[in-house]
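# Analysis of the macromolecular model
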Amino acid sequence: MTAIQHISTSRRVKDKIVQGLVYLAFGLAVVPLISVLWLVISNGLARFDLEFLTHSMRGIGARDAGGGAYHAIIGTLEQVLLASAVSVPIGLLTAIYLVEYGNGGRLSRSISFFVDVMTGIPSVVSGLFVFAFWILVLGFQFSGWAGALALSILMMPTVVRSAEEMLRLVPNDLREASYALGVAKWRTIMKVVLPTAFTGIVTGVMLAVARVAGETAPLLMTVFFTNSINNDPFTGPQMGLPLFVFDQAARPNDTAIDRAWTGALTLILIVMLLNLVARLIAWWRAPARGR
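As the structure is a prediction and not an experimental result, all values here were calculated from the model.

### Considerations on the overall build of the chain
- Secondary structure summary: the chain contains 11 helices and zero strands in total.
- Starting at the N terminus and ending at the C terminus, the chain contains elements arranged as α-α-α-α-α-α-α-α-α-α-α.
- Relative to its length of 291 residues, the chain is extended, with a C-alpha radius of gyration of 24 Å against a globular reference of 19 Å.
- Principal axes of the C-alpha set define a box for the chain whose edges measure 80 × 55 × 35 Å.
- Within the chain, the proportion of its 291 residues that are buried is 38%.
- Considering only residue pairs separated by 6 or more positions, the chain has 74% of its internal contacts joining residues 24 or more positions apart.
- For the chain, the exposed area adds up to about 16400 Å²; of that, 70% sits on carbon and sulfur atoms.

Following this line, the structure appears as structure tokens:
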């Protein structure tokens with residue numbers, strides 16, 4: 001009994017030590033996040049008002065007070081939505097092929113390899129690709145659509161990998177039960193597999209959105225700068241919030257720096273709002289709610 005008690009005590013001590021190290025690592029990881037949020041909120045609230053959200057920088061000089069990021073907010077929302085409209089269907093269909101139809105074949109291995117390669121592509125490379133092919137070779141102009149194409153390149157691998165992992169977590173028993181009832185494979189995927197993995201897929205999509213929403217490098221070479229409101233993402237330069245923050249932060253005066261901080265705060269709030277909407281949709285469509 002003494003030996004057993006000694007082993008039990010030793011395990012409890014080790015468990016407490018490891019638990020303490022986990023809490024310490026969590027605290028160290030949270031400190032930078034809290035510090036960044038504190039800096040952005042404390043500095044961004046100075047200009048976070050109705051004028052900032054409803055006015056553009058048209059006619060506002062570099063040192064003038066006032067102005068806002070309405071044109072950049074519109075641009076970011078349109079560019080991210082367009083990028084999602086391109087990357088989410090392609091990424092989801094790719095994940096379905098890899099999990100349901102690939103069976104480890106040569107094509108599926110090649111697709112997985114290129115997805116891994118795309119995951120490590122620097123954001124500036126996607127912007128250079130769209131700039132070289134879409135603008136220089138094909139002759140199209142700078143536009144929000146060109147920026148969305150660059151962002152979609154960055155979103156695709158994240159969507160593919162997250163959706164693939166969620167689809168693999170769906171128990172095969174559900175598929176086999178559906179097949180046993182004579183349901184076709186495509187219908188099983190649509191009615192059984194995708195609804196079961198829906199919450200995880202939505203989470204993966206929002207991770208991809210959060211990644212590209214703050215990208216500046218691809219937009220520098222595809223969207224360009226403008227101080228005016230452009231509601232048409234397919235025609236002419238269109239501002240984005242990352243570009244707005246980059247532009248204002250580069251100006252050596254306090255009014256521009258205040259606008260930059262507020263632009264960063266607005267971008268964080270937009271990403272948080274999109275995540276909240278996605279969570280509500282995932283909760284509403286969760287299979288457990290129908291039981």
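### Remarks on the UniProt feature "transmembrane region" (unreviewed entry) in the chain
- Residues annotated in UniProt with the feature "transmembrane region" (unreviewed entry) correspond here to residues 21-41, 80-99, 111-136, 142-160, 192-213 and 260-282.
- Note that residues 21-41 is 100% helix and 0% strand, and that its end C-alpha atoms are spaced 30 Å apart.
- Segment residues 260-282 splits into 100% helix and 0% strand. End C-alpha atoms: 33 Å apart.

### Some details on a nonpolar patch on the surface
- Nonpolar side chains collect at one region of the surface, where Leu33, Leu37, Ile41, Leu45, Phe48, Leu53, Leu269 and Met272 lie side by side and expose about 680 Å² of accessible area between them.
- Of all the secondary structure elements, the ones that give two or more residues to the nonpolar patch are helix H1 (2-44) and helix H11 (254-284).
- Topologically, Phe48 is positioned in the loop between H1 and helix H2 (50-54).
- Its relative accessible area of 32% is what places Phe48 among the partly exposed residues.

### Section: the pattern of salt bridges
- Counted by the stated rule, this structure contains six salt bridges.
- Here Glu164 and Arg161 are joined by a salt bridge, their closest N and O atoms 2.4 Å apart. Note that Glu164 and Arg161 are positioned in helix H6 (residues 144-168) at a spacing of three residues, about one turn of the helix.
- Given a relative accessible area of 22%, Arg161 falls into the partly exposed group.

### Quick notes on the packing of aromatic side chains
- Summed over the entire model, instances satisfying the criterion amount to eight aromatic pairs.
- With 5.9 Å between their ring centres and 75° between their planes, Phe52 and Phe244 make a pair best called edge-to-face. A residue pair is termed long-range when its members are at least 10 positions apart, and Phe52 in helix H2 and Phe244 in helix H10 (residues 241-249) qualify at 192 residues.
- Geometrically, the ring pair formed by Phe129 and Phe133 is stacked, given 6.0 Å between the ring centres and 5° between the ring planes. Highlighted residues: Phe129 and Phe133, both in helix H5 (residues 123-137), separated by four residues, approximately one helical turn.
- Classification of Phe133 as partly exposed rests on a relative accessible area of 42%.
- A network of ring pairs unites the aromatic residues Phe131, Phe142, Phe224 and Phe225 as a single cluster.
- One cation-aromatic arrangement involves Lys185 over Tyr101; the distance from NZ or CZ to the ring centre is 4.6 Å.

### Thoughts on H6
- Between its first and last C-alpha, H6 extends 35 Å over 25 residues, near the 36 Å set by a 1.5 Å rise per residue.
- Taken across its 25 residues, H6 has 19 buried, putting it largely inside the fold.

### Looking at the nonpolar core
- Ranked by internal contacts, the top residues of the largest apolar core, which has 42 residues, are Leu167, Ile201, Leu241 and Phe244.
- Secondary-structure elements contributing two or more residues to this core are helix H3 (70-101), H6, helix H8 (185-213), H10 and H11.
- Looking at which element gives the most residues to this core, the answer is H8, with 12 residues.
- When neighbours within four sequence positions are excluded, Ile201 is seen to be in contact with Leu92, Ala163, Met166, Leu167 and Leu194.
- Formed by seven residues, the second largest nonpolar core is a distinct cluster that contains Trp134, Leu149, Ala150 and Ile153.

### Examining the side chain of Thr262
- For Thr262, the location among the structural elements is in helix H11.
- A distance of 2.9 Å separates a polar side-chain atom of Thr262 from the backbone oxygen of Gly44.
- With sequence-adjacent residues up to four places away left out, Thr262 is seen in contact with Gly44, Arg47, Phe48 and Phe52.

About the cut-offs
- Residues numbered from 1 in each chain as written.
- Predicted model: local features only at pLDDT ≥ 70, side-chain atom pairs only at ≥ 80, totals over all residues.
- Heavy atoms only, no water.
- Helix = DSSP H or I, 4+ residues; strand = E, 2+ residues; numbered from the N terminus.
- Rg over C-alpha atoms; globule rule 2.2 N^0.38 Å.
- Buried < 20%, exposed > 50% of the residue type's maximum accessible area, 1.4 Å probe, protein only.
- Contact = heavy atoms within 4.5 Å.
- Areas by Shrake-Rupley, 256 points an atom, 1.4 Å probe, with all protein chains shown as cover.
- UniProt positions renumbered as here; feature names shortened; annotations may be inferred.
- Patch = residues over 30% accessible without salt bridge, like charges linked within 9 Å, V, L, I, M, F, W, Y side chains within 5 Å.
- Salt bridge = Lys/Arg side-chain N within 4 Å of Asp/Glu carboxyl O.
- Phe/Tyr/Trp six-rings, centres within 6.5 Å; stacked < 30°, edge-to-face > 60°.
- Lys NZ or Arg CZ within 6 Å of the ring centre and 35° of its normal.
- Expected span 1.5 Å × (residues − 1).
- Core = buried A, V, L, I, M, F, W, Y, C linked by side-chain atoms within 4.5 Å.
- Polar contact = N/O pair within 3.5 Å; in protein donor to acceptor, adjacent residues only side chain to side chain.

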